Amino acid sequence: MKRSALVALALLAPLLLAGCGSPDEGGRHTGADGSATPRPAAPAGAAAPAPSKDGGAPSSGAPSSGRTAGGGTAQSPQNAVPDAELTPATGSFTKKEKKYLSGRVPKGIDPAAILQAGQDVCDRLAYTAKIDRNAAVGAVIAGDIKGADAAVNGLCPDLGPLLAATRGGYPDGTHAAPAPGTYRALTSSKDCTWSLDGASGRQHTITVRKGTKTFTSTGCYAWART
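Residues numbered from 1 in each chain as written. Predicted model: local features only at pLDDT ≥ 70, side-chain atom pairs only at ≥ 80, totals over all residues. Heavy atoms only, no water.

## Observations regarding the overall build of the protein chain
Helix and strand content of the protein chain: six helices and eight strands. Here the protein chain holds 226 residues, and the buried ones make up 43% of them. Counting contacts in the protein chain only where the partners sit at least 6 residues apart, residues at least 24 apart contribute 70% of the total. If you sum the accessible surface of the protein chain, you get close to 11,300 Å²; carbon and sulfur atoms cover 55% of it. (Helix = DSSP H or I, 4+ residues; strand = E, 2+ residues; numbered from the N terminus. Buried < 20%, exposed > 50% of the residue type's maximum accessible area, 1.4 Å probe, protein only. Contact = heavy atoms within 4.5 Å. Areas by Shrake-Rupley, 256 points an atom, 1.4 Å probe, with all protein chains shown as cover.)

If you want it as structure tokens, here you go:
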């Protein structure tokens, strides 16, 4: 199975995880009779959008840290709901859930929905990693799974080692002043090509030396630091 198909498993999971009814105190949904609706099992496979083959404009050179597609951290909304007002429609949030939601919920938005989005990120990472760990790491680096930092640190710390593997990685594209080190491509595709200051190659492992000005990658999806 191609890596793009494996990554898609993570991207389509939220559609299967959506429930009906209102959320209970854990952010789960309940039916009309008040019983908890179990979350569906992970699909066996799916298709994901292929990574862009266009290098685009050079980035700032900072490696992706698995936070957003651009490698930056998500900003808290300026009109965030005060912590004291973080309550679901029914029940209550746990201490861990409140900590995750703190400063993250815009006014007028159901905090349970924000919590569910974070839990979905955890599920997507876990499902993808179970099938192909490289695909999960690459999806975070490439920005196909966003919000991994906050979700893992706040809701699913058991996935911390996977998140750590995304640190210092680079997605396809052109990056200025890449950090020195050895990197491996998270794909076995023969279409993976790269260049370092104009010197090109097709190997799936590269060494970026100090003083390198540009690193361009095409068809490799993402690179993880070894």
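## A word on the state of the cysteines
Considering all chains together, one arrives at two disulfides under this definition. Covalent S-S linkage joins C122 and C156, the inter-sulfur distance amounting to 2.1 Å. Disulfide C122 to C156: torsion about the S-S bond roughly -80°, handedness left-handed. With a gap of 34 residues between them, C122 in helix 3 (residues 111-131) and C156 in the loop between helix 5 (148-154) and helix 6 (160-164) connect regions that are remote in the sequence. Taking relative accessible area as the criterion, C122 reaches 8% and is therefore assigned buried. Linked covalently through their sulfurs, C192 and C220 form a disulfide whose S-S length is 1.9 Å. Measuring the twist about the S-S bond at about 95°, one finds the C192-C220 disulfide to be right-handed. Of this pair, C192 sits in the loop between strand 4 (181-185) and strand 5 (193-196) while C220 is found in strand 8 (residues 214-225), placing the two residues 28 residues apart along the sequence. Classification of C220 by relative accessible area gives buried; the value is 0%. (Disulfide = S-S within 2.5 Å.)

## Digging into unusual backbone geometry
The residue D197 is not glycine, and still its phi comes out positive at about 50°. For Y221, which is not glycine, the phi torsion reads 70° and is therefore positive. With respect to the secondary-structure elements, Y221 resides in strand 8.

## A few points about helix 4 (residues 133-142)
Counting buried residues along helix 4, seven of its ten residues qualify, which places the element largely inside the surrounding structure. Turning to helix 4, its buried residues number three or more, namely A135, A136, V137, G138, A139, V140 and I141. Here helix 4 starts with a cap whose side-chain oxygen sits 3.0 Å from the backbone nitrogen of N134, and that cap is D132. Two residues or fewer after helix 4 comes G143, characterised by a positive phi angle close to 90°. (Polar contact = N/O pair within 3.5 Å; in protein donor to acceptor, adjacent residues only side chain to side chain.)

## As for the nonpolar core
By size, the foremost hydrophobic cluster in this structure holds 30 residues, and its most contacted members are L101 and L125. For this core, the element with the highest residue contribution is helix 3, accounting for six residues. Not counting chain neighbours up to four residues away, the residues in contact with L125 comprise A136, V140, I145, A148, V152, L159 and L162. Of all hydrophobic cores here, the second largest spans twelve residues; its members include Y183, A185, L196 and F215. (Core = buried A, V, L, I, M, F, W, Y, C linked by side-chain atoms within 4.5 Å.)

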